Amino acid sequence: MRTTQSGANTAAEAGESPEDDPGRPGSPRAALVAAVLGFFVITIDVSGVNVALPAMRADLGGSMSGLQWVVDSYTLMFAALMLSAGALSDAVGARRAYGWGLGVFTLASLACGAAPTLGVLIAARVVQGSAAAVMVPSSLALIRQAFSDPDERARGIALWTVGGAVAIAAGPVLGGLLTTEWSWRAVFCLNVPTGIIGFLALMRATRSPRHSVSFDLPGQVTAVLSLAALTFAVIEGGHDGFTGTVLAATVIAVLSAAGFVAIEARRRDPMLPLELFRLRGVTVPVISGFALNAAFYGGVFVLSLFFQEQRGQSALSAGLMFVPMALITANVNYLSPRAVTRFGRRPVVIAGLLIVALGCGVLLPIGPGTPPWATALLMIPLGIGGSLAMPALTSLMLDSVAAERAGTAAALLNTSRQTGGAVSIAAFGALLAGDFLSGMRESLLSAACLLVVMALGAGALLPRR
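Undergrad: Can you break down the packing of aromatic side chains residue by residue, with the values?
TA: Scanning the model with the defined rule gives 4 aromatic pairs in all. Ring geometry for Phe 306 versus Phe 307: centroids 5.7 Å apart, planes at 55 degrees, classification tilted. Classification of Phe 307 as buried rests on a relative accessible area of 0%. When the centroid spacing of 6.5 Å and the interplanar angle of 20 degrees are considered together, the rings of Phe 306 and Phe 436 count as stacked.

So, in structure tokens, the structure goes:
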């Protein structure tokens, strides 16, 4: 990707389109509100939907692999299109790109809520995930543009991550309540009023500059092919074994990934400049974000099914199990920048990764006979660690790149995070296909080991302050 900029004194010299001249400054707070609300609904459509999966299966039918696709069709497109979405945000302006994404996401949510079959629901989730991919990098770019002061920007990013953390943790509660009192369809309809409020806030935000960028179609196609084939191979391989179809999908995933790297290395204007990975401030957030989301999204997916299918709890009761974690997670997320100021990013990131690993470890002994209150308390570390580490990782990522690459950096970080979530749900769901409790424990143990390795890597790569 290439930004055309011949100077820094005028809108034209900055690559900004004349019709996008901001004119009267908008409200930074309005931009922040719009960004936070968008990230909230994007994230709740993962965590909230998990609790509603058994109700969907009872209403629409389908197998375990079908339920995995309800979740992964969303996260897959979310991850696969994120990098191009970052380029789109830079090209048309963060404010306009965010508005487009929010509009499509809201309409797709209505389609999900009205879906007559599981196939239609999965198709609508694909559209939802595509729109979410546009919203995330543009929302972070909005914050990057709204706050020029690094401290104010860090607080804005912390609030943005709070919105996502609250949605992740409180999503099961809302999803369970809506599913029990109304229907699983209400989980998707919740996005409509939130989307409208987000639009009203966005209208008060400053218009964003546009930059000259090129669209990397070969890179985008190979990225989608690689992630889709990988997800298909893991999901279907876990249920049907290593069949010829699964083998073919695995080969496609590997070849597409290799093709993506080759294309990006040779292309003059790649959607993912590979030189970004030379920066430790980029590499550490990418690998750590993958591990954190793999543990958290996979854990929420497994636990949501465990509560309802192994313990016989209702959707509402299952959602309430996440309340203690939700309450603590939101506060820790907001306190993360203060911890970074006092101790530095390195210890905060390492501590966050290890706390999530601990959270996975302490959940290993639970079973159908474990008291609900004990299970709910044991889940708390699973939320604390991510809410401590992610604000530090996000601000590290944005501070490590130039302002004009904020959209691309945000897209890369969230691509790694969503890829971690998609892969873990596919892998953990495959492990559950046999003995549920054994598969759940294998999933949690795998996540804990991955997080410990990532913590060691972060400790080796990050400076002490």
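Undergrad: Which residues make up the pattern of salt bridges, and what values do they have?
TA: Oppositely charged side chains may form a pair once their charged atoms are brought near each other. Tallying each qualifying case throughout the model produces 3 salt bridges. Residues Arg 125 and Asp 45 are paired through a salt bridge, measuring 3.6 Å at the closest nitrogen-oxygen approach. Note that Arg 125 is positioned in helix H5 (residues 118-146) and Asp 45 in helix H1 (residues 28-60), a separation of 80 residues in sequence. Given the relative accessible area of 0%, Asp 45 is considered buried. Salt-bridge contacts for Glu 309 lead to Arg 57; the nearest nitrogen and oxygen are separated by 2.3 Å. With Glu 309 in helix H11 (residues 280-310) and Arg 57 in helix H1, this pair connects stretches of sequence that are 252 residues apart. Among the residues examined, Arg 57 registers a relative accessible area of 26% and is labelled partly exposed.

Undergrad: Go over helix H8 (residues 191-202) with me, naming the residues and quoting the values.
TA: When the terminal C-alpha atoms of H8 are compared, their 16 Å separation across 12 residues agrees well with the 16 Å that a helix rising 1.5 Å per residue should span. Listing the buried residues of H8 in full gives Asn 191, Val 192, Thr 194, Gly 195, Gly 198, Ala 201 and Leu 202.

Undergrad: Lay out the layout of surface pockets in plain terms, naming residues and giving numbers.
TA: In this model, the largest pocket occupies a volume close to 490 Å³. The wall of the largest pocket is formed by 24 residues, among which Ser 226, Leu 227, Phe 260, Thr 415 and Thr 419 lie closest to the centre. The set of elements that each furnish at least two residues to the lining of the largest pocket consists of helix H2 (64-80), helix H9 (217-240), helix H10 (244-266), H11 and helix H17 (406-431). Classifying every residue of the lining of the largest pocket by side-chain character gives 18 nonpolar, 6 polar and no charged.

About the thresholds
- Residues numbered from 1 in each chain as written.
- Predicted model: local features only at pLDDT ≥ 70, side-chain atom pairs only at ≥ 80, totals over all residues.
- Heavy atoms only, no water.
- Phe/Tyr/Trp six-rings, centres within 6.5 Å; stacked < 30°, edge-to-face > 60°.
- Buried < 20%, exposed > 50% of the residue type's maximum accessible area, 1.4 Å probe, protein only.
- Salt bridge = Lys/Arg side-chain N within 4 Å of Asp/Glu carboxyl O.
- Helix = DSSP H or I, 4+ residues; strand = E, 2+ residues; numbered from the N terminus.
- Expected span 1.5 Å × (residues − 1).
- 1 Å grid on protein atoms, 1.4 Å probe; cavity = no way out; pocket = protein on both sides within 12 Å on 5 of 7 lines; lining within 4 Å.
- Points joined across faces, edges and corners; volume = space filled by probe spheres on them.
- Nonpolar A, V, L, I, M, F, W, Y, C, P; charged D, E, K, R; others polar.

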